[in-house]
Amino acid sequence: MDLGPHAGFILASYAFTALVMGALVLNAVRDRRAQARALRGFEALRGSGEGRR
Amino acid sequence: MSSAPISLWTRLSNPSHFMRWSGTLAPWLAGLSGLVLALGLYLAWFVAPPDYQQGETVRIMFIHVPAAWLGVFFYGAMSLSAVGTLVWRHPLADVAQRAAAPIGAAFTLICLVTGSLWGKPMWGTYWVWDARLTSMLLLFLIYCGIVALWRTMEDPNRAARAVAILTLVGAVNLPIIKFSVNWWSTLHQPASILRMGGPTIDPSMLYPLLVMILAATLGGTTLHLYAMRTEVMRRRVRTLTIREAERLDAGRVAVTAPPDALPQAL
């Protein structure tokens, strides 16, 4: 596909969008994992009886 | 409004119910977003013809316009949530607001950068201090301010009220963004989709654009739902951390001070 003389601008636009969206998704997944890990930690604490002592 | 929709709304917006229904809905929504995005990209790259004036550069519009729409859409959603926080103090309202801010900021940034990359070959410049461009830049700065404010306050309830007020003040910018191209003489073209008399874009480009707008809206909503669920989890972690710290504190007092010395120890 020939994008003409402004191919650089077109490809840069799509690349930047992919980069920002990728960062947004990765950050969301990383954040979710951190919260899930912390919640599992509390559940393990409760399971071991520490939380009731 | 009858009581049935109100009770349904109350039930759906209860945090526990929200975690249940959103957990089921999110994967389906993500799959649907992916499919619509694939279709949109196919139409934008292989079906839509080059524009008679812009040439192939028109393909930037298939990401620029959806990004602009979502930048404004998420701010509108945040303003509604801000009313929910200030008037009803609904726990999910500030969760929704906090989760939306980084997503709205990201789409606004994409809109600004792709617009700039389109502007250079078409207008001969990356940037002009035109009313539409400036009001979009202001929207991005407001988003950044909101994200920063959330991060500076430890207590989410205090932060929610401050952010809600800032959000509502910033909402003044939304009609300015929309009507700037009519109120002032701008380099940015006037509305070409949402206008009296219908869209001015040729159907061969309009339909791919509408599919891309739908894909971006579905994708943005999926991300928002996902981020809201994470935010609910973060608040649970915070509550459990405080409870655990209080328990440890109470245990330390019990160990270090005999019961009759407690008043002096405290």
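- An unreviewed UniProt entry annotates chain B as Heme exporter protein C of Methylobacterium hispanicum.
- UniProt, in its Function (unreviewed entry) section for chain B, records the words "Required for the export of heme to the periplasm for the biogenesis of c-type cytochromes."

- Chain A goes by Heme exporter protein D in an unreviewed UniProt entry, where it is assigned to Methylobacterium hispanicum.
- Reading the Function (unreviewed entry) entry of the UniProt record for chain A gives the comment "Required for the export of heme to the periplasm for the biogenesis of c-type cytochromes."
- Its UniProt record gives chain A the following Sequence similarities (unreviewed entry) comment, quoted word for word: "Belongs to the CcmD/CycX/HelD family."

## Some details on the side chain of B:Asn173
Residues and elements named next belong to chain B.
Move 1: Of note, Asn173 is situated in helix 7 (residues 173–183).
Move 2: Within the structure, the side chain of Asn173 is placed 3.0 Å from the backbone oxygen of Ser135, a separation counted as a polar contact.
Move 3: Setting aside anything within four residues of it in sequence, one finds Asn173 in contact with Ser135, Leu138, Leu139 and Ile142.

## Quick look at helix 4 (residues 91–123) of chain B
Residue and element names in this part refer to chain B.
Move 1: Here helix 4 contains 33 residues, and its C-alpha end-to-end distance of 47 Å stays within 8% of the 48 Å for a straight helix at 1.5 Å per residue.
Move 2: Taken as a whole, helix 4 carries its principal kink of about 30° at Ala100; the proline Pro102 stands between one and four residues after it.
Move 3: The positive-phi residue at the C-terminal boundary of helix 4 is Gly124, with phi of around 90°.

About the cut-offs
- Residues numbered from 1 in each chain as written.
- Chains lettered and ligands numbered in written order.
- Predicted model: local features only at pLDDT ≥ 70, side-chain atom pairs only at ≥ 80, totals over all residues.
- Heavy atoms only, no water.
- UniProt positions renumbered as here; feature names shortened; annotations may be inferred.
- Helix = DSSP H or I, 4+ residues; strand = E, 2+ residues; numbered from the N terminus.
- Polar contact = N/O pair within 3.5 Å; in protein donor to acceptor, adjacent residues only side chain to side chain.
- Contact = heavy atoms within 4.5 Å.
- Expected span 1.5 Å × (residues − 1).
- Bend = angle between axes of the 7 residues up to and from the residue.

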